[in-house]
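Chains, contacts and geometry: an overview
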Amino acid sequence: MVSLPRVVIAATRSGDGKTTVATGVMAALRASGLRVSPHKVGPDYIDPSYHAAACGVPGRNLDPWLVGEDLVAPLLLHGAAKAGAAGAGGAGAGGADVAVIEGVMGLFDGAAGRGDFASTAHVARLTGSPVILVVGAAGTSRSIAATLHGFATWDPAVQLAGVVLNQVSSDRHEALLREALAPLNLPVVGALRRDDALHTPSRHLGLVPAGERPASVDAWLPALRTLVQRGIDLDLLMRIARSAPDLAAEPWSAEQAELRSAEPGFAAPPMAAARPCDGQPPTPRGARPARVAVAAGPAFTFRYAEHDELLAAAGAEVVPFDPLSAEKLPDGTDLLVAGGGFPQVHAEDLAANTSLLDDVRSRAAAGMPVVAECAGLLWLGESLDGRKQCGVLPARARMTPKLTLGYREATALADTPLLPAGTQIRAHEFHRTVSEPAYSEHPAWRLADGTETGWAAPGMLASYLHLHWAALPDAVARLVQTALARRATP
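Conventions adopted
- Residues numbered from 1 in each chain as written.
- Predicted model: local features only at pLDDT ≥ 70, side-chain atom pairs only at ≥ 80, totals over all residues.
- Heavy atoms only, no water.
- pLDDT = per-residue confidence, 0-100.
- Contact = heavy atoms within 4.5 Å.
- Buried < 20%, exposed > 50% of the residue type's maximum accessible area, 1.4 Å probe, protein only.
- Helix = DSSP H or I, 4+ residues; strand = E, 2+ residues; numbered from the N terminus.
- Pairing = 2+ DSSP bridges.
- Axes fitted to C-alpha atoms, helices over the stretch in contact; angles between N-to-C directions.
- Expected span 1.5 Å × (residues − 1).
- Bend = angle between axes of the 7 residues up to and from the residue.
- Core = buried A, V, L, I, M, F, W, Y, C linked by side-chain atoms within 4.5 Å.
- Right-handed = clockwise from strand over helix to strand, strands pointing away.
- Polar contact = N/O pair within 3.5 Å; in protein donor to acceptor, adjacent residues only side chain to side chain.

**Description of the confidence of the model for the protein chain**
Taken as a whole, the protein chain shows an average pLDDT of 90; of its residues, 88% reach a score of 70 or greater. Under a pLDDT of 50 for its full length, residues 89–93 has, in the predicted model, nine contacts with residues more than four places off or in other chains. In this model residues 263–283 is a low-confidence stretch, pLDDT under 50, and it forms 43 contacts with partners more than four residues away in sequence or in other chains.

Shown next, in the form of structure tokens:
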């Protein structure tokens, strides 16, 4: 049993301001001297970038679809332990002083066609976390009580412990709202006025990631922190967080995941039935560890913190590099990982870095293993919106007005550095681009609807699908073993 004060910041719907409130709460609690562990329900990479700026530690995701229900509480405790180790001050058994979990969409909105699976409410139940509901109060007064009555009674297994009134127009408006809510006996944790200064710029996939505008975010956070300190009762919020019951779970550990995947007879979950790469030799005693170049910087801001941890636990050396400025891959690179981000925003600068493009193309042609997701797929292609890219894949990518968004189920159709053929996975897809052709003669995936997509080869996996490697711990060992074997090949 692990003690971890925690609270979920949810909303009635998208647009009520839960990201602003959650990030402001995180910043205000940190400013009070607490070690804050930031989390986000769902697969989104952008909101956690703001959480990281507010807390000084990586924002982490909790997604039952990507990792399975059983890993949600362990991953929460893992994040809290990491956040606790990074800060100062007294912490409980959970590591951090408090975990703040930002929800996704409306409280009960789950994966399409699957009820509230992978919703904020689902994660609140899995983690036994009390919920504070953010309500956009603009244009309403007494009707807000009916809305909150419905949310409070819809699911008895979800503890609605308080409400934050957002977008309040005046003192009179706030008084009307509080009067209407009084019969519900639902604590009003705070009320926030409209403030144009707190606007955060958006783009075609939501907020602009904090990693693309660090100076602006640094200037924005103090005003947000002050707004929350004035408008939200942080003492009440912490009393709600401390009311959370102990968790009957053990923290997830990248090291334990790797050890477990190496045990004889280990069976991964059905959705993650990968196996270590048969016949790959172990690292020779005294040999240099596999060096993994990980695309980072403003164009590649999307990756889960657990991925780097799993690579390190598998014995690899993780070396981030910025494809906008690095003239070549890091010295001694054995494996390239290029995750998600917005290369289309930086396509011209990426195209101008011809020395790196040439290095990636020649290294991949020589057998260096490559794993790419979404942005990485676009960068590896011949061109992006007419601008030359790496040319590793014979594909041309371009922006489109159509948003492709959703969870996916897929089966690996070929052996790749990450997974063997036949592996069944869960993933998500989120982009407004198209890459043509969508696959080679050896597609990487067959989706549940029969669509084939992605590029696969013994040394290559590139597609639009985003995976969470915590659900595939043995895949990371396979990946590192493949890199070492390719290095050893004459």
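From this point on, the discussion continues.
**Notes on helix α2 (residues 46–55)**
Burial within α2 is extensive, with eight of its 10 residues counted as buried. For α2, the complete set of buried residues consists of Ile46, Asp47, Pro48, Ser49, Tyr50, His51, Ala54 and Cys55.

**Considering the sheet that holds strand β7 (residues 188–193)**
Taken together, the seven strands give an open sheet; going across it, the order is β3-β2-β4-β1-β5-β6-β7, and neighbouring strands pair in parallel fashion. Looking at strand neighbours, the two that pair on one side only are β3 (60–62) and β7, the edges of this open sheet. Going across the sheet, the axis of each strand differs from the next one's by a mean of 25°, ignoring polarity. Sheet analysis places strand β6 (residues 160–168) next to β7, joined by four bridges and oriented parallel. Note on β7: the bridge partner recorded for Leu165 is Ala191. The sheet contacts of helix α7 (residues 171–181) involve β6 and β7, and relative to β6 the element is tilted by about 155°. Packed on one face of the sheet, helix α9 (residues 234–242) meets β1 (6–11), β4 (98–102), β5 (131–136), β6 and β7 and runs near 110° to β1.

**Description of helix α8 (residues 214–231)**
A rise of 1.5 Å per residue sets the reference length of α8, with its 18 residues, at 26 Å; its end C-alpha atoms lie 25 Å apart and thus fit the reference within 8%. Of all the bends in α8, the greatest reaches close to 25° and is centred on Trp220; the proline Pro222 follows between one and four positions later. Those residues of α8 not exposed but buried are Val217, Trp220, Leu221, Leu224, Leu227, Val228 and Gly231. Where α8 is buried, its residues meet α1 (18–31), α2, β7 and α9.

**Focus on the nonpolar core**
Leu29, Leu165, Ile232, Ile425, Trp445, Leu467 and Trp469 are the most contacted members of the largest nonpolar core, which has 124 residues in total. Residues within four places of Leu467 in sequence aside, it is in contact with Tyr304, His307, Glu373, Leu418, Leu419, Ile425, Arg426, Ala427, Trp445 and Leu472. Residues Leu329, Leu377, Met460 and Ala462 belong to the second largest nonpolar core, which totals 33 residues.

**Quick notes on the pairing of strand β2 (residues 36–41)**
Taking burial as the measure, the six residues of β2 include six buried ones, the bulk of the element. Burial along β2 is two-sided: the face carrying Val36, Pro38 and Lys40 and the face carrying Ser37, His39 and Val41 are both buried. In terms of strand pairing, β2 meets β3 through three bridges, oriented parallel. Within β3, the residue paired with Lys40 across the bridge is Asn61. Crossover connection from β2 via α2 to parallel β3: handedness right-handed.

**Remarks on the environment of Glu102**
Among the secondary structure elements, Glu102 is positioned in strand β4. For Glu102 and Ile9, which are 93 residues apart along the polypeptide, the C-alpha to C-alpha distance reads 4.9 Å. The residues touching Glu102, leaving out its near neighbours within four places in the chain, are Ile9, Lys18, Thr19, Ala22, His39, Lys40, Val41, Asp47 and His51. Engagement of the side chain of Glu102 in a polar contact is seen with the side chain of Lys40, the distance being 3.1 Å.

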